[in-house]
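# Reading the structure
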Number of protein chains: 4
Amino acid sequence: MPTDAQRACFEAGIKFGTLYHQFAGTPVSPDSTRSLETAMAEAIENQPYCESVTVRIDDDRVREAIDHGNGYTELTGTLMDVTMRIEYDGITAETRMEMADGYPLMKLERVDRGE
Amino acid sequence: MPTDAQRACFEAGIKFGTLYHQFAGTPVSPDSTRSLETAMAEAIENQPYCESVTVRIDDDRVREAIDHGNGYTELTGTLMDVTMRIEYDGITAETRMEMADGYPLMKLERVDRGE
Amino acid sequence: MPTDAQRACFEAGIKFGTLYHQFAGTPVSPDSTRSLETAMAEAIENQPYCESVTVRIDDDRVREAIDHGNGYTELTGTLMDVTMRIEYDGITAETRMEMADGYPLMKLERVDRGE
Amino acid sequence: MPTDAQRACFEAGIKFGTLYHQFAGTPVSPDSTRSLETAMAEAIENQPYCESVTVRIDDDRVREAIDHGNGYTELTGTLMDVTMRIEYDGITAETRMEMADGYPLMKLERVDRGE
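Remember, predicted model here, so these are calculated numbers, not experimental data.

## Brief notes about the overall build of chain A
Scanning chain A from N- to C-terminus turns up 3 helices and 6 strands. Across chain A, helices and strands are ordered from the amino to the carboxyl terminus as α-β-α-β-α-β-β-β-β. Based on the C-alpha atoms only, the size of chain A along its principal axes is roughly 55 × 30 × 25 Å. The 115 residues of chain A split such that 56% are buried. Put simply, of all contacts in chain A between residues at least 6 apart along the chain, 54% involve residues at least 24 apart. Element-wise, carbon and sulfur atoms account for 42% of the exposed surface of chain A, whose accessible area totals about 4700 Å². One finds the centroid of the 11 positive side-chain charges in chain A at a distance of 3 Å from the centroid of its 22 negative side-chain charges.

What follows is the structure in structure tokens.
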């Protein structure tokens with residue numbers, strides 16, 4: 001049987017896959033980054049065991065990605081940094097998505113039994 | 001060749017399909033309806049020719065759709081009302097999504113040459 | 001009141017927005033292009049008034065987009081060509097998505113009253 | 001530092017969240033279930049550490065979900081059963097989504113060190 005810590009990590013992964021594939025492709029410009037960050041965080045925090053989510057969409061990277069006349073681009077992992085904390089049966093899992101070697105990487109950072 | 005009015009209607013349809021299929025499936029609860037409404041409207045307003053979008057997610061319908069212990073549901077067309085105004089080369093197209101016979105219907109309401 | 005031809009164009013746009021935002025972001029490699037093309041076409045053909053859809057994902061463009069070690073990329077408009085034919089109350093609308101100036105453009109090509 | 005087994009479970013969760021939120025909302029009818037199953041499995045198998053995916057969309061449940069004249073519905077977790085096997089640095093994680101008490105549940109079934 002999987003351990004509680006393993007289940008916490010599975011739950012953490014589900015939230016990351018959800019956040020990414022639900023919102024990737026959303027039209028985004030510097031005028032709409034703040035509302036999209038808030039909606040993404042609050043949406044994923046609805047899911048079971050998800051204690052907190054922070055999403056930061058980088059306005060400068062959004063501007064660089066807008067290379068045509070329409071003034072917007074589509075959200076991808078390269079434009080944002082995300083952290084999440086999952087609490088599952090007394091286990092805390094902390095995860096992060098950030099750029100590594102030019103690609104967005106989803107990372108499991110810490111798995112702790114809380115006190 | 002298609003007319004300007006026909007092109008305006010094509011653009012209006014694109015925005016509706018985008019809004020629906022980008023955001024359907026998003027985890028939603030009464031705690032996150034306002035931020036999701038704002039993000040959806042601002043995201044779609046980034047698209048070409050899209051002058052204004054209003055999204056209203058009905059908290060009561062969200063509560064009714066939450067029929068399990070987790071306290072959230074997934075966004076579908078039955079939970080929201082949407083209006084959009086498209087401006088394309090002097091043509092205004094007004095569209096709406098609302099419930100009809102128990103199903104969400106995307107409707108083209110008016111196509112006008114503005115003054 | 002909108003004309004039948006305008007409604008046909010609105011329906012055509014809905015299908016294009018749906019196809020794009022439902023499937024953009026899907027992990028894709030040269031090993032999975034054929035199954036994704038078929039699924040996209042058959043899924044959208046389910047929608048009302050949608051007579052036929054063709055999707056061609058370009059294997060060479062997919063290979064060029066895979067610039068990291070994982071061997072896959074995410075589907076975007078730059079990787080595919082799409083055609084659709086909508087039939088609405090005797091009106092035929094033909095649409096296409098293809099690259100123009102380095103960007104994918106959704107185009108309304110013809111609107112005809114069939115015989 | 002997280003263990004290899006915990007990382008395997010995190011990766012397994014990512015794939016499940018991806019599969020669900022990439023494809024939920026896709027228009028589906030009994031005529032398009034087979035192509036959608038194949039495309040979903042092949043798409044997710046592109047992702048790192050994902051050894052095998054099976055997707056079975058239940059035609060009878062699809063028919064029951066089609067309760068209006070259009071002849072199709074939108075894909076949700078209630079219409080499909082999914083299994084996945086993840087291989088991460090010698091660890092195998094087996095996962096499954098199936099109905100439990102009327103809701104689709106994503107489950108971590110086994111985590112093994114392979115021989």
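## Notes on the UniProt feature "binding site: substrate" (unreviewed entry) in chain A
All names here are of chain A. Within this structure's numbering, the places UniProt gives as "binding site: substrate" (unreviewed entry) are Glu 11 and Met 106. Judged by maximum C-alpha separation, these annotated positions cover 96 residues in sequence but sit close together in space, the widest gap being only 13.7 Å. Residue placement: Glu 11 occurs in helix 1 (residues 4-23). Sequence-distant contacts of Glu 11, that is, excluding residues within four places in its chain, are made with Pro 48, Tyr 49, Ile 86 and Tyr 88. Here Met 106 lies in strand 6 (residues 103-113).

## A word on the interface of chain A and chain D
At the junction of the two partners, chain A supplies 22 residues and chain D supplies 22 residues. Interface of chain A and chain D: buried area, both sides summed, is about 1800 Å²; carbon and sulfur atoms make up 68% of it. Considering only the side of chain A, the residues that lose the most area to chain D are Phe 10, His 21 and Leu 108 of chain A, jointly responsible for 37% of the buried surface there. On inspection of chain A and its partner chain D, the count reaches 0 salt bridges. Between the two partners, chain A and chain D, sit 6 residue pairs in polar contact (both at pLDDT 80 or more). Of all the secondary-structure elements, those providing two or more residues to the side of chain A that touches chain D are helix 1 and strand 6 of chain A. Among the elements that make up the side of chain A that touches chain D, the one with the highest residue count is helix 1 of chain A (13 residues). Split by residue class, the side of chain A that touches chain D holds 10 nonpolar, 8 polar and 4 charged.

## Concerning the interface of chain B and chain A
Of the residues lining the interface, 22 residues belong to chain B; the matching set on chain A comes to 21 residues. Buried area between chain B and chain A, both sides added, is near 1700 Å², and the carbon and sulfur share of it is 54%. Summed over the three residues of chain B that lose the most area to chain A, namely Gln 22, Pro 27 and Asn 46 of chain B, the buried surface amounts to 34% of that side. Counting across the interface, chain B meets chain A through 0 salt bridges. Between chain B and chain A we count 13 residue pairs in polar contact (both at pLDDT 80 or more) in total. Elements with a contribution of two residues or more to the side of chain B that touches chain A: helix 1 (4-23), strand 1 (27-28) and helix 2 (33-45) of chain B. Top element by residues in the side of chain B that touches chain A is helix 2 of chain B. It accounts for 6 residues.

## Here we look at empty space enclosed by the protein
Taken as a whole, this structure holds 1 cavity of 30 Å³ or more when the rule is applied. Of the pockets and cavities examined, the largest cavity occupies roughly 80 Å³. Lining the largest cavity we find His 21, Gln 22 and Ala 24 of chain A, His 21, Gln 22 and Ala 24 of chain B, His 21, Gln 22 and Ala 24 of chain C together with His 21, Gln 22 and Ala 24 of chain D. Looking at side-chain class alone, the lining of the largest cavity contains 4 nonpolar, 8 polar and no charged residues.

## Observations concerning the sheet that holds strand 2 (residues 50-57) of chain C
Pairing within the open sheet is antiparallel, and its 4 strands lie in the order 2-4-5-6 (chain C). Because the sheet does not close on itself, it has two edges, and the strands there are strand 2 and strand 6 (103-113) of chain C. Pairs of neighbouring strands in the sheet enclose a mean axial angle of 10°, with direction left out of account. Here strand 5 (residues 91-100) of chain C runs beside strand 6 of chain C; their pairing, made up of 10 bridges, is antiparallel. The residue bridging Met 99 of chain C from the neighbouring strand is Pro 104 of chain C, located in strand 6 of chain C. Seen against the sheet, helix 1 of chain B touches strand 5 and strand 6 of chain C and runs at an angle of roughly 130° to strand 6 of chain C. On the sheet, helix 2 (residues 33-45) of chain C packs against strand 2 and strand 4 (80-88) of chain C and is oriented at approximately 160° with respect to strand 2 of chain C.

Parameters and conventions
- Residues numbered from 1 in each chain as written.
- Chains lettered and ligands numbered in written order.
- Predicted model: local features only at pLDDT ≥ 70, side-chain atom pairs only at ≥ 80, totals over all residues.
- Heavy atoms only, no water.
- Helix = DSSP H or I, 4+ residues; strand = E, 2+ residues; numbered from the N terminus.
- Buried < 20%, exposed > 50% of the residue type's maximum accessible area, 1.4 Å probe, protein only.
- Contact = heavy atoms within 4.5 Å.
- Areas by Shrake-Rupley, 256 points an atom, 1.4 Å probe, with all protein chains shown as cover.
- Lys, Arg positive; Asp, Glu negative; His and termini not counted.
- Charge placed at Lys NZ, Arg CZ, Asp CG, Glu CD.
- UniProt positions renumbered as here; feature names shortened; annotations may be inferred.
- Buried area = accessible area lost by both parts, 1.4 Å probe.
- Salt bridge = Lys/Arg side-chain N within 4 Å of Asp/Glu carboxyl O.
- Polar contact = N/O pair within 3.5 Å; in protein donor to acceptor, adjacent residues only side chain to side chain.
- Nonpolar A, V, L, I, M, F, W, Y, C, P; charged D, E, K, R; others polar.
- 1 Å grid on protein atoms, 1.4 Å probe; cavity = no way out; pocket = protein on both sides within 12 Å on 5 of 7 lines; lining within 4 Å.
- Points joined across faces, edges and corners; volume = space filled by probe spheres on them.
- Pairing = 2+ DSSP bridges.
- Axes fitted to C-alpha atoms, helices over the stretch in contact; angles between N-to-C directions.

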